[in-house]
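Residue-level structure breakdown
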Amino acid sequence: MTLTQAAKRREHILRAAVRRRLIDPENALLAGFVDLDGMAASVAALHAAFPASLPALHTFAAKANCLVPVLKELRTLGMGCEVASPGELAQALAAGFAPDRIVFDSPAKTRAELVHSLDLGIAVNADNFQELDRIDELIASRPSPSRLGVRINPQVGGGSIGAMSTATQTSKFGIALEDEGNRKRLLHAFQQRPWLTWLHAHVGSQGCPPDLIARGVAKAVDFADEVNAALGRRQVVGIDIGGGMPVNFASDETSPTYEAYVARLQKYAPGLFTGAYQVVTEFGRSLLAKNGFMAAYVEYTKSSGGRSIAITHAGAQVAVRTVFMPDSWPLRIGAHHPTGVTKSGELVEQDIAGPCCFAGDMVAEARPLPPLAPGDIVTLLDTGAYYFSTPFRYNSLPVPAVYGVRVDATGNVHFHLVRPAETTDQILAGSGA
Ligand SMILES: *Cc1c(COP(=O)(O)O)cnc(C)c1O
């Protein structure tokens, strides 16, 4: 069996983690790893994909990986930060992002959250007409340096995962551009509000092809042109094109690339590249997913009704989407010896189960893998976004430790603790004890 470069690198990191007992069959049954070198390369690829002449602020969608040291690292790499809750806003501020490099996008912003953002100068995208009215009231008494925009739903349709599609006819997000009367109402909203200078569209996430996203962005650009033409002034100065670029969970290949996505944007939305508009992006999954993995011990193996099952320490508590929607969120699984060395041998179909007490707690079913044994390690690949950073508190299982990883030129692996594992005392405190 030949390993890809990426698989060799993961094995190298895993072996070092075992040697240093960052994962350990008694004390550290599960851990997450973020490849900081890989993350830097992904950020560089994003920046390089857009023409250097375009005034662009690339923000990272904090929900994809809200761990503050990771956000800090992204800041030093030149990213801004997109947030959608008071917790994420606090995380972005703790990571040191300047307020004018933070974008606040929640669909349910309270008055207090808006006041806080407007006072700090954080960019805000209003979700609906009522929120625009609310901002009117607030800024009447407090002039704000914030860039203020409104989110439209370009209604270009959904992708292959309904729950990830935000530009369907009936999506809960933004102002539905094609609904009867809404273009006129929006135009009027801009006319009435000189402070309203940005348009925002986030078409969807995983499952939405780049073409669909680019067509949604094109509608935002066209509408910006329409507003500016109708008002006879350049009121709309920027377009926030959201994130949502899909990730390939099937192999180590990065596809699509940012370059390919920008080519789609150039085809469908050439107006974005004329320099007439500033641009903000909000990518999450595509920056982090392939730069993270989890490692978990196999505790037991058994056979039931003819099925081979490996019971591991990674389940729904760190892979909630995969467990509840296995067809939409398949994960690749690696099989390793207790040393971290990749297992080889004849492939046998095995169910990879988690520790949670419900029958569906499986991260893979009937997966052909070398036979697993107690004490072996499984890796869950491409889990740097929306997995270990977004735990589910089922069965009061502890939130696992996460390490940032760098490999130097001589092959030495450097680990930085990003988040310690949750202790039993913390679990007790969190449950009202
Ligand atoms: C979730 C989200 C993003 C990031 O989406 P990814 O698929 O992780 O790139 C960006 N913008 C908004 C408004 C979001 O809700």
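Residues numbered from 1 in each chain as written. Predicted model: local features only at pLDDT ≥ 70, side-chain atom pairs only at ≥ 80, totals over all residues. Heavy atoms only, no water.

Describing the site of the ligand
Contacts to the ligand come from 15 residues, most closely from K63, S205, G244, E282 and Y386. At 2.8 Å, a side-chain N or O of K63 approaches an oxygen atom of the ligand. The separation between an oxygen atom of the ligand and a polar main-chain atom of R285 is 2.8 Å. Protein coverage of the free-state accessible area of the ligand, which is 390 Å², stands at 93%. (Near = heavy atom within 4 Å. Polar contact = N/O pair within 3.5 Å; in protein donor to acceptor, adjacent residues only side chain to side chain. Areas by Shrake-Rupley, 256 points an atom, 1.4 Å probe, with all protein chains shown as cover.)

Things to note about the domain arrangement of the protein
Split by domain assignment, the protein resolves into domain 1 (5-35 + 291-430) and domain 2 (37-288). Each of domain 1 and domain 2 was reduced to a C-alpha centroid, and the two centroids are 33 Å apart. Contacts between the two partners involve 28 residues from domain 1, matched on the other side by 23 residues from domain 2. Among the residues of domain 1 in contact with domain 2, N291, W329 and Y386 are the three that bury the most area, contributing 29% of the side total. Joining domain 1 to domain 2, the criterion identifies five salt bridges. Summed over the shared surface of domain 1 and domain 2, the number is 16 residue pairs in polar contact (both at pLDDT 80 or more). Residues belonging to the side of domain 1 that touches domain 2 are distributed by class as follows: 14 nonpolar, six polar and eight charged. (Domains from an automatic or database assignment. Contact = heavy atoms within 4.5 Å. Buried area = accessible area lost by both parts, 1.4 Å probe. Salt bridge = Lys/Arg side-chain N within 4 Å of Asp/Glu carboxyl O. Nonpolar A, V, L, I, M, F, W, Y, C, P; charged D, E, K, R; others polar.)

Some thoughts on the layout of surface pockets
Each pocket or cavity is described by its volume, and for the largest pocket that value is around 550 Å³. In terms of lining residues, the largest pocket is bounded by 34 residues, among which G38, S42, T254, K290 and N291 are the most central. Breaking the lining of the largest pocket down by element, the ones donating at least two residues are α1 (5-19), β1 (30-35), α2 (36-49), α10 (285-288) and β11 (292-304). Split by residue class, the lining of the largest pocket holds 16 nonpolar, nine polar and nine charged. (1 Å grid on protein atoms, 1.4 Å probe; cavity = no way out; pocket = protein on both sides within 12 Å on 5 of 7 lines; lining within 4 Å. Points joined across faces, edges and corners; volume = space filled by probe spheres on them. Helix = DSSP H or I, 4+ residues; strand = E, 2+ residues; numbered from the N terminus.)

Overview of the packing of aromatic side chains
Tallying each qualifying case throughout the model produces eleven aromatic pairs. Taking 6.1 Å as the distance between ring centres and 75° as the angle between the ring planes, the aromatic pair formed by F324 and F392 counts as edge-to-face. Of this pair, F324 sits in helix α11 (residues 320-324) while F392 sits in the loop between β16 (377-380) and β17 (401-407), placing them 68 residues apart in sequence. The class for F392 is partly exposed, based on a relative accessible area of 29%. Consider the rings of F358 and Y394, whose centres lie 5.0 Å apart with planes at 70°: the pair is edge-to-face. Within this pair, whereas F358 is found in the loop between β14 (348-353) and β15 (362-369), its partner Y394 is found in the loop between β16 and β17, the two being separated by 36 residues in sequence. An aromatic cluster is defined as three or more aromatic residues linked by ring pairs; in this entry it consists of F33, F293, Y403 and F415. One cation-aromatic arrangement involves R185 over F129; the distance from NZ or CZ to the ring centre is 3.8 Å. (Phe/Tyr/Trp six-rings, centres within 6.5 Å; stacked < 30°, edge-to-face > 60°. Buried < 20%, exposed > 50% of the residue type's maximum accessible area, 1.4 Å probe, protein only. Lys NZ or Arg CZ within 6 Å of the ring centre and 35° of its normal.)

Things to note about the packing of α2 against helix α3 (residues 68-76)
α3 packs onto α2 with a crossing angle of 45° between their chain directions and a minimal axis gap of 10 Å. Considering the angle they form, α2 stands oblique to α3. The chirality of how α2 crosses α3 is right-handed. Between α2, through L36, M39 and V43, and α3, the contact on the second element is made entirely by V70, E73 and L74. Looking at the contact of α2 with α3 residue by residue, the classes come out as five nonpolar, no polar and one charged. (Axes fitted to C-alpha atoms, helices over the stretch in contact; angles between N-to-C directions. Parallel < 35°, antiparallel > 145°, perpendicular 65-115°, else oblique. Left-handed = near helix turned anticlockwise from the far one by under 90°.)

Some words on the UniProt feature "active site" (unreviewed entry) in the protein
In the UniProt entry, the feature "active site" (unreviewed entry) is given for C357. By relative accessible area, C357 is classed as exposed at 61%. The residues contacting C357, other than those within four sequence positions of it, are Y394 and N395. (UniProt positions renumbered as here; feature names shortened; annotations may be inferred.)

Considerations on the pairing of β17
Burial of β17 is extensive: five of the seven residues sit out of reach of the surface. Judged from the five bridges that link them, β1 and β17 form a sheet pairing that is parallel. Bridging across to β17, V34 finds its partner in G404. With six bridges joining them, β17 and strand β18 (residues 413-419) adopt antiparallel strand pairing. By the bridge assignment for β18, V405 is matched with F415. In this antiparallel pair of consecutive strands, β17 and β18, the connection spans five residues, and G411 shows a positive phi of 90°. (Pairing = 2+ DSSP bridges.)

Considerations on the pattern of salt bridges
The full count for this structure, using the stated rule, is 22 salt bridges. Close ionic contact of R193 with D136 constitutes a salt bridge, the shortest N to O distance being 2.9 Å. Of the two residues, R193 is situated in the loop between α7 (182-192) and β8 (196-200) and D136 in helix α6 (residues 129-141); the sequence distance between them amounts to 57 residues. Linking D351 and R307 is a salt bridge whose minimum nitrogen-to-oxygen distance equals 3.0 Å.

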